[in-house]
Amino acid sequence: MKSEKEKMIAGEYYLAGDPVLVKDRRRAKLLLHRLNVTEYRMTKKAREIIQELIPNAGTNLYIEPPFHCDYGYNIVCGDNVYFNVNCVVLDCATVTIGSNVFIAPNVQLYTATHPLDAELRKTLENALPITIGDDCWIGGNSVICPGVTIGVGCVIGAGSVVTRDIPDHSLAVGNPARVIRNLKA
């Protein structure tokens, strides 16, 4: 039988109140407190905290505090990833971010979702992975919804709500975000 953590990562319904998941979230919150309050600027100590919080990151992961996430260990980054201030990553499922990705202030990446059925929603939730390709720029105040893949070389305009996949080399804007231009053309 799968653990609640295994169900969560697999995108199945799971119990968020499971003691293992509560412990994992508490660990992340303690690290985030150290990053967001104690350090609050990129220091050697802040880099050590980030490495402990997000162990699956390539070189040069840079985070401007404050930063928020659920677990940290479900965030997978390539090299040269930059999060500007006030970003939120609900990483109940895997959030995969390529290399050379710039994430502007107040961007929110939500893998967490909930059943539409009210009775199920009282006890269960699930999550769908998010993938952002190499060489992307996610504009400020954008929201990336559960299950979305953003292709290589994309730009997401500020304030966009991305509810569906965005093909490689696209400029997408709006709510819901729509591709308005191919950046390779």
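Residues numbered from 1 in each chain as written. Predicted model: local features only at pLDDT ≥ 70, side-chain atom pairs only at ≥ 80, totals over all residues. Heavy atoms only, no water.

(A) Broad picture of the overall build of the protein. When helices and strands are tallied, the protein shows 4 helices and 19 strands. By its C-alpha atoms, the protein is 50 × 45 × 25 Å across when sized along the principal axes. Residues counted as buried form 44% of the 185 residues belonging to the protein. Within the protein, contacts between residues separated by at least 24 positions form 27% of all contacts whose residues are at least 6 apart in sequence. Only carbon and sulfur atoms are counted for the fraction: they give 55% of the accessible area of the protein, which is about 9100 Å². The averaged location of the 19 negative side-chain charges in the protein is 4 Å from the averaged location of its 19 positive side-chain charges. (Helix = DSSP H or I, 4+ residues; strand = E, 2+ residues; numbered from the N terminus. Buried < 20%, exposed > 50% of the residue type's maximum accessible area, 1.4 Å probe, protein only. Contact = heavy atoms within 4.5 Å. Areas by Shrake-Rupley, 256 points an atom, 1.4 Å probe, with all protein chains shown as cover. Lys, Arg positive; Asp, Glu negative; His and termini not counted. Charge placed at Lys NZ, Arg CZ, Asp CG, Glu CD.)

(B) Local environment of the packing of helix α2 (residues 19-39) against helix α3 (residues 44-53). In the contact formed by α2 and α3, the axes pass within 10 Å of each other and the chain directions differ by 160 degrees. In terms of axis orientation, α2 runs roughly antiparallel to α3. Handedness of the crossing formed by α2 with α3: left-handed. Facing α2, whose interface residues are Arg27, Ala28, Leu31, Leu32, Arg34, Leu35 and Glu39, α3 presents Lys45, Ala46, Ile49, Ile50, Glu52 and Leu53. Here the contact of α2 with α3 is built from residues that sort into 8 nonpolar, no polar and 5 charged. (Axes fitted to C-alpha atoms, helices over the stretch in contact; angles between N-to-C directions. Parallel < 35°, antiparallel > 145°, perpendicular 65-115°, else oblique. Left-handed = near helix turned anticlockwise from the far one by under 90°. Nonpolar A, V, L, I, M, F, W, Y, C, P; charged D, E, K, R; others polar.)

(C) Spotlight on the pattern of salt bridges. Tallied over the full model, the rule gives 5 salt bridges. Taking the shortest distance from any N to any O, the salt bridge between lysine 2 and glutamate 12 comes out at 2.4 Å. One end of the pair, lysine 2, is in the segment before α1 (4-10); the other, glutamate 12, is in the loop between α1 and α2, and 10 residues separate them in sequence. Residue classification places lysine 2 among the partly exposed positions, given a relative accessible area of 39%. The partner of glutamate 48 in a salt bridge is lysine 45, with the nearest N and O atoms 3.9 Å apart. Note that glutamate 48 and lysine 45 are positioned in helix α3 at a spacing of 3 residues, about one turn of the helix. (Salt bridge = Lys/Arg side-chain N within 4 Å of Asp/Glu carboxyl O.)

(D) Representation of the environment of aspartate 18 in the model. Note that aspartate 18 resides in the loop between α1 and α2. The sequence separation of aspartate 18 and glutamate 4 amounts to 14 residues, and the corresponding C-alpha distance is 6.6 Å. Polar side-chain contacts of aspartate 18 include one of 3.2 Å to the backbone nitrogen of valine 20. (Polar contact = N/O pair within 3.5 Å; in protein donor to acceptor, adjacent residues only side chain to side chain.)

(E) Expanded view of the packing of aromatic side chains. Applying the stated criterion across every chain yields a total of 3 aromatic pairs. Between the aromatic rings of phenylalanine 67 and phenylalanine 83, the centroid separation amounts to 5.1 Å while the plane-to-plane angle is 70 degrees, which identifies the pairing as edge-to-face. Taken together, the residues phenylalanine 67 in strand β3 (residues 67-69) and phenylalanine 83 in strand β5 (residues 81-83) connect sequence positions 16 residues apart. Residue class for phenylalanine 67 comes out buried when judged on its relative accessible area of 0%. Ring centres of tyrosine 71 and tyrosine 73 lie 5.4 Å apart, and the angle between their planes is 35 degrees; this geometry places the pair in the tilted category. (Phe/Tyr/Trp six-rings, centres within 6.5 Å; stacked < 30°, edge-to-face > 60°.)

(F) Local environment of the sheet that holds strand β19 (residues 177-182). Here we have 7 strands laid out as an open sheet, ordered β2-β5-β8-β13-β16-β18-β19, and mixed in their pairing. Two strands bound the open sheet, and with one partner strand each, they are β2 (61-63) and β19. Pairing between strand β18 (residues 170-174) and β19: 5 bridges, direction antiparallel. When the sheet's bridge partners are listed, valine 173 is paired in β19 with arginine 178. (Pairing = 2+ DSSP bridges.)

(G) Layout of the UniProt feature "domain: Maltose/galactoside acetyltransferase" (unreviewed entry) in the protein. Per the UniProt annotation, the sites labelled "domain: Maltose/galactoside acetyltransferase" (unreviewed entry) are residues 5-59. Helix makes up 67% of residues 5-59 and strand 4%. Its end C-alpha atoms lie 27 Å apart. (UniProt positions renumbered as here; feature names shortened; annotations may be inferred.)

(H) The arrangement of the sheet that holds strand β17 (residues 161-162) in detail. Judged by pairing direction, the sheet is parallel, and its 5 strands sit side by side in the order β3-β6-β9-β14-β17 without closing on themselves. The sheet is open, and its two borders are formed by β3 and β17, each paired with just one other strand. For strand β14 (residues 143-144) and β17, the ladder comprises 2 bridges, and the chain directions are parallel. Residue pairing for β17: isoleucine 144 is matched across the bridge by valine 162.

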